[in-house]
Amino acid sequence: MITFLSGGTGTPKLIQGFRTILRDEKLSVIVNTADDIWLSGIYISPDVDTLLYLFSDLLDENKYWGIKDDTFNTLKMLQLLGFPSWFNLGDQDLAVNLFRTQMIHKGHSQEDIVKALSKLLNVRSTIIPCTKNHMECRIITEKKGDIHFQEFWVKYKAKVNIKQVYIKNLESVEISDAVRSTIKNSELIIIGPSNPVTSIGPIIRVREIADLLKEHKNKIIAISPLIGNKPISGPTKMLMKSEGMESTPMGIAEFYKDYCSCLIIDNKDSDMINQIQNKTGLEVLSEEILFRDTQDASRLACSILKRRDLYDKYV
Ligand code: FO1
């Protein structure tokens, strides 16, 4: 089994590359839940849904969130009725999240809900929310106060100054047996090129997950979400800066060094390999990590499997 730690866009794009060379059944994904949000009485789990839609071939691959060809009629009516309308939840997407919300009200855990949705949507990989219950990434800003990550990212388009990022409920969340057994039993775990602060950070900061990753770090590799000091996508740079992290491959290595044994950085940054290795003790490899399309992601997926001697076994 090959497992990913995943947030929003970056890691799902890489996973799409893996899907071109091996069967979905061989893949599992432990997904960030700190992007989850209650809006208009509906519980929405964006990062989990991106993976559900990806593996059921429903994903809008232009945006890398939501369902392709979805319509937004309910959102228009909600707006007319005075509900918040800054979060563009499509009609079909809403149906999925209504299902989720009903199950929450019946007392089911995130894990049960994703299992049920996976079955109904014919998902053959294993998608596991990183926590059984709710946690929430919050951003303390200068002008807008303490806001949810989705408000920061979608409502204010990341155009607000960040004072601090924190995860609400981090100390009280529980993890499922599926998270434990997946980390223990996977042959390879890939920390994907998602935002280290708000996508991967919440997963690896759950204490029990952190301990398990440290215990199994020999089979864990991380892919840098940065090329030079530029993020492949999203607000990674400003979020890393706000956390006092250097937004460079070295900063990524420092952040992940306790949770993995190997870091893959971009070929353009290969002159940094020795310096990062010497400072962090990680094995550092370089590859073409910028993927413009699924073919690029597939190429990276092949290289990773070959580097770990897993290509012949899985492909
Ligand atoms: N991202 C946006 O930039 N704008 C949106 O209106 C938006 C709506 C949305 C609805 C459902 C969903 O599952 C995801 C959605 N996203 C939207 C993506 C999401 O905000 C983030 O990209 C992830 O949470 C970051 O990982």
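Before reading further, recall that the structure is shown in the block above.
None of these values were measured; they are calculated from a predicted model.

Caption draft 1: Geometry of helix α4 (residues 91-105). Its 15 residues place the ends of α4 21 Å apart at the C-alpha level, agreeing with the 21 Å of an ideal helix rising 1.5 Å per residue. Turning to α4, its buried residues are D91, D93, L94, V96, N97, R100, T101 and M103. Buried-residue contacts for α4 involve β3 (37-39), β4 (42-44), α2 (46-55), α3 (73-80) and α5 (110-120). Of the residues trailing α4, G107 is marked for its positive phi of about 95°.

Caption draft 2: Inspection of the packing of helix α7 (residues 177-185) against helix α9 (residues 207-215) at higher detail. Packing of α7 against α9 leaves a shortest axis separation of 10 Å and a crossing angle of 15°. By the criterion of interaxial angle, the relationship of α7 to α9 is roughly parallel. Crossing geometry of α7 relative to α9 is assigned as right-handed. From α7, V179, R180, I183 and K184 reach across to α9, where they touch E208, I209, L212 and L213. Broken down by class, the residue content of the contact of α7 with α9 amounts to 5 nonpolar, no polar and 3 charged.

Caption draft 3: Representation of α9. Looking only at α9, the buried set comprises I209, A210, L212 and L213. In an axial view of α9, the angular spread of the buried residues amounts to 165°, which keeps them on one side of the axis. Along α9, exposed side chains directed more than 90 degrees from the buried face belong to R207 and E215. Buried positions along α9 lie against β1 (2-6), α7, α8 (196-204) and β10 (220-223).

Caption draft 4: Molecular detail of the nonpolar core. One finds L5, F152, I191 and I209 to be the most contacted residues of the largest nonpolar core, which totals 51 residues. Discounting chain neighbours no more than four positions away, the residues touching I209 are C130, I175, V179, I183 and I203.

Quick notes on the rules
Residues numbered from 1 in each chain as written. Predicted model: local features only at pLDDT ≥ 70, side-chain atom pairs only at ≥ 80, totals over all residues. Heavy atoms only, no water. Helix = DSSP H or I, 4+ residues; strand = E, 2+ residues; numbered from the N terminus. Expected span 1.5 Å × (residues − 1). Buried < 20%, exposed > 50% of the residue type's maximum accessible area, 1.4 Å probe, protein only. Contact = heavy atoms within 4.5 Å. Axes fitted to C-alpha atoms, helices over the stretch in contact; angles between N-to-C directions. Parallel < 35°, antiparallel > 145°, perpendicular 65-115°, else oblique. Left-handed = near helix turned anticlockwise from the far one by under 90°. Nonpolar A, V, L, I, M, F, W, Y, C, P; charged D, E, K, R; others polar. Arc of directions from axis to C-beta. Core = buried A, V, L, I, M, F, W, Y, C linked by side-chain atoms within 4.5 Å.

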